[in-house]
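# Tertiary structure, described
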Amino acid sequence: MTEFMDSYGVWLVTGALFGFGLLGCLLPVMPGHLLILTGVVCYRVMEGATAGIEWWSFAILILLMASSQVFEIMSGSMGAKWFGGSKWGAWGAFVGGVVGMFF
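Residues numbered from 1 in each chain as written. Predicted model: local features only at pLDDT ≥ 70, side-chain atom pairs only at ≥ 80, totals over all residues. Heavy atoms only, no water.

Between helix α2 (residues 32–47) and helix α3 (residues 55–82), the least distance of the axes is 9 Å, while the angle of their chain directions is 165°. One way to sum up the angle between α2 and α3 is to call them roughly antiparallel. Note that α2 runs across α3; the crossing there is left-handed. Taking contact as the criterion, the partners of His 33, Leu 34, Leu 37, Val 40, Val 41 and Arg 44 in α2 are, on α3, Phe 58, Leu 61, Ile 62, Met 65, Ser 68, Gln 69 and Glu 72. (Axes fitted to C-alpha atoms, helices over the stretch in contact; angles between N-to-C directions. Helix = DSSP H or I, 4+ residues; strand = E, 2+ residues; numbered from the N terminus. Parallel < 35°, antiparallel > 145°, perpendicular 65-115°, else oblique. Left-handed = near helix turned anticlockwise from the far one by under 90°. Contact = heavy atoms within 4.5 Å.)

Between its terminal C-alpha atoms α2 stretches 23 Å, which fits the 22 Å expected from 16 residues at 1.5 Å a residue. Looking only at α2, the buried set comprises Gly 32, His 33, Leu 35, Leu 37, Gly 39, Val 40 and Tyr 43. Positive backbone phi, approximately 80°, marks Gly 48, located one or two places after α2. (Expected span 1.5 Å × (residues − 1). Buried < 20%, exposed > 50% of the residue type's maximum accessible area, 1.4 Å probe, protein only.)

Summarising the element assignment, His 33 is placed in helix α2. Of note is the side chain of His 33, whose polar atom sits 3.4 Å from the side chain of Ser 68. Apart from residues lying up to four places away in sequence, His 33 is in contact with Cys 25, Met 65, Ser 68, Gln 69 and Glu 72. (Polar contact = N/O pair within 3.5 Å; in protein donor to acceptor, adjacent residues only side chain to side chain.)

Take the state of the cysteines next. For the structure shown, the criterion picks out 0 disulfides. Cysteine Cys 25 is unpaired, with the sulfur of Cys 42 as its nearest cysteine sulfur at 17 Å. (Disulfide = S-S within 2.5 Å.)

On to the side chain of Ser 77. Mapping Ser 77 onto the fold places it in helix α3. Dropping the residues within four chain positions of it, Ser 77 is found in contact with Ala 90, Ala 93 and Phe 94.

By themselves, these figures tell us nothing about what the structure is for.
And the structure:
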């Protein structure tokens, strides 16, 4: 029974994090790419070495997450400028995106 619950528990946690990560990619209030990376890390920790996830997989996912975050911050700044904001408005959007990562 414990083996049955362990197996489904791993997939339940991983699936929930992936699902919320996908939802976070569509909603601006949730950090989708961070939740997906967290799901991969949790899966690796719970399954151990048999998970089939190597160090280079984590490196690729971290690079994808970082590039996604940079794109998100830069698009907010460029969008402010595109829709008629001043240079200071674009800088404010950039600084707000960087500071907002920590809250």
